[in-house]
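Results of the structural survey
So the chains spell out like this:
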Amino acid sequence: MIKKERFRKVIDYFTTHMPVAETELTYENPFSLLVAVILSAQCTDRRVNMITPVLLSRYPDAASMAEANSGELFEMIKSCSYPNNKAKHLIAMSRTLIDKFDGAVPDNLEDLQKLPGVGRKTANVILSVAFHKPAMAVDTHVFRVSERIGLTTRAKNPYDAELQLLKYIPEEKLSLAHHWLILHGRYICTARNPKCSECGLRAFCTYYEKSLDK
DNA sequence: ATCCCGAGGG
DNA sequence: CCCTCTGGAT
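The following paragraphs examine the structure supplied in this document.

Within chain A, the regular secondary structure consists of 12 helices and zero strands. Shown N-terminal to C-terminal, the secondary structure of chain A runs as helices and strands in the order α-α-α-α-α-α-α-α-α-α-α-α. In terms of C-alpha radius of gyration, chain A reaches 18 Å, essentially the compact-globule figure of 17 Å for 214 residues. By sequence separation, contacts in chain A at least 24 residues apart represent 60% of the contacts at least 6 residues apart. Taken as a whole, chain A presents about 11400 Å² of accessible surface, with 51% of it coming from carbon and sulfur. Of the charged side chains in chain A, 29 are positive and 24 negative, and the gap between their average positions amounts to 8 Å.

Turning next to the nonpolar core. The biggest cluster of nonpolar side chains holds 39 residues, and the ones touching the most others in it are Leu55 and Leu73. At the level of elements, α2 (30-39), α3 (45-58), α4 (62-66), α5 (70-77), α6 (83-101) and α8 (120-130) are the ones that each hand at least two residues to this core. Top contributing element to this core by residue count: α2, with eight residues. The next biggest cluster of nonpolar side chains, apart from the first, holds 29 residues, and it includes Tyr13, Met18, Ile169 and Phe204.

Here we take up unusual backbone geometry. Even without glycine at this site, glutamine 42 takes up a positive phi of about 55°. Classification of glutamine 42 as exposed rests on a relative accessible area of 57%. Even without being a glycine, asparagine 193 presents a positive backbone phi close to 50°. Inspection of the secondary structure puts asparagine 193 in the loop between α11 (174-187) and α12 (206-211).

Conventions used here
- Residues numbered from 1 in each chain as written.
- Chains lettered and ligands numbered in written order.
- Predicted model: local features only at pLDDT ≥ 70, side-chain atom pairs only at ≥ 80, totals over all residues.
- Heavy atoms only, no water.
- Helix = DSSP H or I, 4+ residues; strand = E, 2+ residues; numbered from the N terminus.
- Rg over C-alpha atoms; globule rule 2.2 N^0.38 Å.
- Contact = heavy atoms within 4.5 Å.
- Areas by Shrake-Rupley, 256 points an atom, 1.4 Å probe, with all protein chains shown as cover.
- Lys, Arg positive; Asp, Glu negative; His and termini not counted.
- Charge placed at Lys NZ, Arg CZ, Asp CG, Glu CD.
- Core = buried A, V, L, I, M, F, W, Y, C linked by side-chain atoms within 4.5 Å.
- Buried < 20%, exposed > 50% of the residue type's maximum accessible area, 1.4 Å probe, protein only.

Here is the structure:
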């Protein structure tokens, strides 16, 4: 099956079965989304959503978080992974926002990636979700699912996968597609013991086909 | 034991 | 390319 056809089938399937797909992180503005996405690394959205309301009521914007006491901030986020790194990143990120961007979250990839703790994946999420710009953030789910269902072929790294996906997904569907792949990866196409019996994509899934040989 | 919407540094 | 950070859920 040619690539274009494969993408069409996948998009058709999700359009029917998951017409609405949004981030499961709660947020109110670009800054709170930025904080939530930084906290979400190696941590479930459920836990992040328990932390951010408390954290953001204490530090509602870059100005207040830039002046946060690192020990106090650490205590508030210690139940998620890498609390030490994340506490440092949140404070340094806020300081950079104040120093270089007038306290506002930038709306372009280059400037977003200048923020401590913000890499390409996080920057793409902010662009796509907070600013509704065409971008494809590739996280562990998007990377795994895309490879399994053949949207990408031997992607070497997340950026490679991003380029392969951008080639065939229409701009206006990028954000939707991003969340389709994440939610599918989270609940059906899980890393271990994927629920292929519940998956409507198995008819043309190369991963499922291979699993039958075992 | 293995994985969760990674980033920074060597 | 590799490693480290590092808590909670399953």
